[in-house]
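Below are the chains, spelled out letter by letter.
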Amino acid sequence: MTDRLTIRRPDDWHLHFRDGAVMRDVVPFTARQFGRAIVMPNLTPPVTSAALAAAYRDRIMAAVPAGLHFTPLMTCYLTDSTDPDDLARGAAEGVFTAAKLYPANATTNSAAGVSNIENLFPVLARMEAEDIVLCIHGEVTDHDIDVFDREKEFIERHLRSIVATFPKLRVVFEHITTGDAVDFVTAAGPQVAATITPQHLHINRNAMLVGGMQPHNYCLPVAKRETHRLALRAAATSGSPQFFLGTDSAPHLKRDKESACGCAGIFGAPFALESYLTVFDEEGALERFEGFASLHGPAFYRLPVNEDSVTLERAEVAVPPVLQVTGEDIVPFHAGTTLGWRLVG
Ligand code: DOR
Ligand code: ZN
């Protein structure tokens, strides 16, 4: 039995850092594990220009603890009025690694997102020409579409046509939650990839709704039925370069989760590697973990792999029931449970 695993240092290809004091307190959880992270732009106000992204990047860099080498990779929040020239210039200057499409009102801080995806096609054409990666929150927002069907519906209404219209555009279907998404990505070919979160590998929708409402297991897209969780596990551990690690760690304070209108988001950053590795271990796929965590993402984004490594060993790790951010309680994913792997360096 393998009890120790050393792999190239992983990256997190989908992450929310927030800003200000919360950002300063959550950056260290990520920087101690990952070499880089794709930083999502859904701040208030959102990161819609290269100038805003460059300033945000500087604030993140200032929060990286001394001695750690962590690089934030910035994204541009697409809106109905995105300036394609600013986006192209920001990408050429190395400020933007990708641009993020939030359908308006699909999730936290997405009110300024895109209200009509077809109207964005001129921007997508420019992104295809400039070879800028498009990251997509793939859910429709129509009130008549059940929340559990919103990802599948997005594929049919929008994603097929985006991929068909822009065959060279590299697209990351973010935080996929369904077997339908796995099938779509697999059939689409190498210009389309997907990130998979730890929570969607560990929990199905029962974890949110059985035994009382469980706000700490609520995120968007919501966890689906067990068949979908199993399809995601198969995809993540398949060795396919189209699937890679993206935690979608989304910190919200405990009191904001446990409220009459609880925020969407799971704070997965603190024990992210231990959480993912537990899944690969359960699936008998430890030898495929490095691909998912450290190799497939850089290959898709056409970035070098990290030079240094991390080591995890089989050992019990107790995840605390709460952690502190800005002096307040925040509940991490797996709170109060024990994981079977520990990051040792
Ligand atoms: O659960 C989520 N939380 N899903 C998202 O898409 C956004 C995120 C957040 O920013 O809180
Ligand atoms: Zn996200």
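A brief report on the enclosed structure follows.

Analysis parameters
Residues numbered from 1 in each chain as written. Chains lettered and ligands numbered in written order. Predicted model: local features only at pLDDT ≥ 70, side-chain atom pairs only at ≥ 80, totals over all residues. Heavy atoms only, no water. Donors = N, O, S within 2.8 Å, 3.2 Å for Na, K, Ca; no water. Buried < 20%, exposed > 50% of the residue type's maximum accessible area, 1.4 Å probe, protein only. Pairing = 2+ DSSP bridges. Helix = DSSP H or I, 4+ residues; strand = E, 2+ residues; numbered from the N terminus. Axes fitted to C-alpha atoms, helices over the stretch in contact; angles between N-to-C directions. Parallel < 35°, antiparallel > 145°, perpendicular 65-115°, else oblique. Left-handed = near helix turned anticlockwise from the far one by under 90°. Contact = heavy atoms within 4.5 Å. Nonpolar A, V, L, I, M, F, W, Y, C, P; charged D, E, K, R; others polar. Near = heavy atom within 4 Å. Polar contact = N/O pair within 3.5 Å; in protein donor to acceptor, adjacent residues only side chain to side chain. Areas by Shrake-Rupley, 256 points an atom, 1.4 Å probe, with all protein chains shown as cover. Salt bridge = Lys/Arg side-chain N within 4 Å of Asp/Glu carboxyl O. Core = buried A, V, L, I, M, F, W, Y, C linked by side-chain atoms within 4.5 Å. Expected span 1.5 Å × (residues − 1). Arc of directions from axis to C-beta.

**Description of the coordination of the zinc ion (ligand 2)**
Thought 1: At the metal site, the zinc ion (ligand 2) is ligated by H14 (NE2), H16 (NE2) and D248 (OD), and these contacts range over 2.0 Å.
Thought 2: Binding-site remark: the zinc ion (ligand 2) is held by donors from one chain whose sequence spacing is H-x1-H-x231-D. Per residue, the accessibility class of H14 equals that of H16, and both read buried.

**Focus: the sheet that holds strand β10 (residues 309–318)**
Thought 1: On the basis of which strands lie adjacent, the open sheet formed by three strands has the order β1-β10-β13 and antiparallel pairing. Each edge of the open sheet carries a strand with a single partner, namely β1 (4–8) and β13 (338–343). Each adjacent strand pair in this sheet contributes to an overall mean axis angle of 35°, direction not counted.
Thought 2: Strand direction decides the pairing type here: β1 and β10, joined by five bridges, are antiparallel. Bridge pairing in β10 links R8 to S309.

**Some details on the packing of helix α5 (residues 150–165) against helix α6 (residues 179–188)**
Thought 1: At a minimum axis separation of 10 Å, α5 and α6 run at an interaxial angle of 15°. Classified by the interaxial angle, the pair formed by α5 and α6 is roughly parallel. The interaxial crossing formed by α5 with α6 has right-handed handedness. The residues of α6 that touch α5, namely those facing E151, K152, I155, L159, R160 and V163, are D180, A181 and F184.
Thought 2: When its residues are assigned to classes, the contact of α5 with α6 shows five nonpolar, no polar and four charged.

**Describing the site of ligand 1**
Thought 1: Taken together, 13 residues surround ligand 1, and among them R18, N42, T107, L220 and H252 come closest.
Thought 2: T107 places a side-chain nitrogen or oxygen 3.0 Å from an oxygen atom of ligand 1.
Thought 3: In the complex, the protein chains occlude 100% of the 290 Å² of accessible area that ligand 1 would expose alone.
Thought 4: A breakdown of the residues in the shell around ligand 1 according to their chemical character gives four nonpolar, seven polar and two charged.

**Quick word on the pattern of salt bridges**
Thought 1: Evaluation of the coordinates by the stated rule reveals 22 salt bridges.
Thought 2: Of the charged contacts, one joins R89 and D86 as a salt bridge, the two residues approaching to 3.9 Å between their closest N and O atoms. Within this pair, R89 and its partner D86 are both found in helix α3 (residues 84–92), separated by three residues, close to a single helical turn.
Thought 3: R89 sits in the partly exposed class, given a relative accessible area of 45%.

**Some details on unusual backbone geometry**
Thought 1: Cis geometry is found at the peptide bond from T44 to P45, where omega equals -5°.
Thought 2: As for its placement among the helices and strands, P45 is situated in the loop between β3 (36–39) and α2 (50–62).
Thought 3: Here the bond from L220 into P221 is cis, since omega is -5°, no more than 30 degrees from zero.
Thought 4: With respect to the element layout, P221 can be found in the loop between α8 (206–209) and α9 (226–236).
Thought 5: The backbone phi angle of R18 is positive, close to 65°, even though this residue is not glycine.

**Quick notes on the nonpolar core**
Thought 1: Grouped together as the largest cluster of nonpolar side chains are 85 residues, with contacts concentrated most on F17, L78, M127, L134 and I162.
Thought 2: The element contributing the most residues to this core is helix α11 (residues 272–282), with six residues.
Thought 3: Ranked by size, the runner-up nonpolar core spans 14 residues in total, among them I38, A98, Y102 and F300.

**Here we look at α2**
Thought 1: The end-to-end C-alpha distance of α2, which contains 13 residues, comes to 18 Å, matching closely the 18 Å that a straight helix rising 1.5 Å per residue would cover.
Thought 2: For α2, the full list of buried residues reads A50, A53, Y56 and I60. Buried residues along α2 cover an arc of 125° about the axis, so they all sit on one side. The exposed residues of α2 that point more than 90 degrees off its buried face are A51, D58 and A62.
Thought 3: Against the buried residues of α2 lie α1 (20–31), β3, β4 (71–77), α3 and β5 (96–101).

**Overview of the sheet that holds strand β8 (residues 192–196)**
Thought 1: Strand order in this open sheet of eight strands is β2-β3-β4-β5-β6-β7-β8-β9, and the pairing throughout is parallel. On the outer flanks of this sheet lie β2 (12–15) and β9 (243–245), each paired with one strand and no other. In this sheet, neighbouring strand axes are inclined to one another by 30° on average, regardless of whether the strands run parallel or antiparallel.
Thought 2: Pairing of β2 with β3, which is carried by two bridges, proceeds in the parallel orientation. Note on β3: the bridge partner recorded for D12 is A37.

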